[in-house]
Amino acid sequence: MTEEPSSALAALIRLDREQITRYCRSVEVQGAIAETVTLRFSRGQTAWCARGSLLAYSPEIEWALRIPGGAAKAVGRMLSGEGLSLTHVTSLRDDAWITLAANQPGRLATWDLSRGPIVCTAGSFVGAVGDVDIDMTMARSAGAMLFGGAGLFLQRLSGRGVAFVHGAGDFIAHELGPGEKMLVSTGNLAVFSGEVRYGVRGVGGCWKSLVGGEGLFMTELEGPGWVMLQSLKKTPPAAQGKGKR
């Protein structure tokens, strides 16, 4: 069952403490311009972290690079722009902690996957706790890889657990009915419900591309389902890494 825009947004930005604390001891979100989330664990509890999202952690945390889904998912992950592997952390003692950040201004939000799977664009997935399946999904049109801001392969999260997602700037909610479509500017799509279809559509000729500043193609989304936009265009993870030494 698809949620109304207001309730989908409320569910996304509400801190699901009750659900999160099934998989860790406590959760705390801090910050105003660029939020961070700190998770404290009991011994043996684990979490997934996106590439570059692990800001700090206690000495009692052990981490390793893993490919969700194994080698069969490696090619899709590489093409998604999120990198081949994710960071998998394990708590070696009670009260060990990690702090996650998205490295860009904006909001961190949580999504309880019992409400349904979600699809995250590049840079929007920050981390997850619980028994979460992190898979890849492919656009309906191959042109999305070349021209659509979302890309051909995106990360699809499902299972039992809570995902942490990031929106650059503020979240803007849209609800799409069956067959209803919308066009989104490159970089402004953050996350959407698992049943939404996506691809690309041309918006005009070279004059629009040169003068309008939006490019020749827009990401096209088709309902049913909900869509969360981000008011700022997100810097792709690969571009963020170029500035680091």
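Right above here is the structure, for reference.
Residues numbered from 1 in each chain as written. Predicted model: local features only at pLDDT ≥ 70, side-chain atom pairs only at ≥ 80, totals over all residues. Heavy atoms only, no water.

Caption draft 1: Broad picture of the packing of aromatic side chains. Summed over the entire model, instances satisfying the criterion amount to 2 aromatic pairs. Considering the side-chain rings of Trp 111 and Trp 226, the 4.9 Å spacing of their centres and the 50 degrees angle between planes classify their relative orientation as tilted. Here the residue Trp 111 occupies a position in strand β8 (residues 106–112), and Trp 226 occupies one in strand β17 (residues 225–230), the gap between them amounting to 115 residues. As far as the burial class goes, Trp 111 and Trp 226 line up, both buried. Geometry around Trp 111 places Arg 115 over its ring, the cationic atom sitting 5.5 Å from the centre. (Phe/Tyr/Trp six-rings, centres within 6.5 Å; stacked < 30°, edge-to-face > 60°. Helix = DSSP H or I, 4+ residues; strand = E, 2+ residues; numbered from the N terminus. Buried < 20%, exposed > 50% of the residue type's maximum accessible area, 1.4 Å probe, protein only. Lys NZ or Arg CZ within 6 Å of the ring centre and 35° of its normal.)

Caption draft 2: Spotlight on the pairing of strand β14 (residues 189–193). Within β14, 5 of the 5 residues are buried, which leaves it mostly tucked inside the rest of the structure. Bridging between strand β9 (residues 118–120) and β14 involves 3 bridges; their strand directions are antiparallel. Across the sheet, residue Cys 120 finds its bridge partner in β14, namely Val 191. Examined bridge by bridge, β14 and β17 share 3 bridges and lie antiparallel to one another. The residue of β17 that forms the bridge with Val 191 is Met 228. (Pairing = 2+ DSSP bridges.)

Caption draft 3: Main features of the sheet that holds strand β16 (residues 217–222). Ordered by their spatial adjacency, 3 strands build an open sheet running β13-β16-β15, and the pairing between neighbours is antiparallel. The two strands at the open ends of the sheet, each matched to only one other strand, are β13 (181–184) and β15 (197–202). Each strand of the sheet is rotated relative to its neighbour by a mean of 35 degrees, with strand direction disregarded. (Axes fitted to C-alpha atoms, helices over the stretch in contact; angles between N-to-C directions.)

Caption draft 4: Just the environment of Glu 175, in detail. Relative to the helices and strands, Glu 175 is located in strand β12 (residues 171–176). Expressed as a C-alpha distance, the spacing of Glu 175 and Gly 225, which sit 50 residues apart in the sequence, is 6.1 Å.

Caption draft 5: The pattern of salt bridges, seen in detail. Applying the stated criterion to the full structure yields 2 salt bridges. For Arg 40, the salt bridge is made with Asp 95, and the minimal N-O distance between the two is 3.6 Å. Here Arg 40 is found in strand β2 (residues 36–41), whereas its partner Asp 95 is found in the loop between β6 (86–91) and β7 (96–101), with 55 residues between them in sequence. For Arg 40, a relative accessible area of 30% puts it in the partly exposed group. Note on Asp 95: relative accessible area 40%, which makes it partly exposed. With a closest N to O distance of 3.8 Å, Arg 197 and Glu 222 form a salt bridge. With a gap of 25 residues between them, Arg 197 in strand β15 and Glu 222 in strand β16 connect regions that are remote in the sequence. (Salt bridge = Lys/Arg side-chain N within 4 Å of Asp/Glu carboxyl O.)

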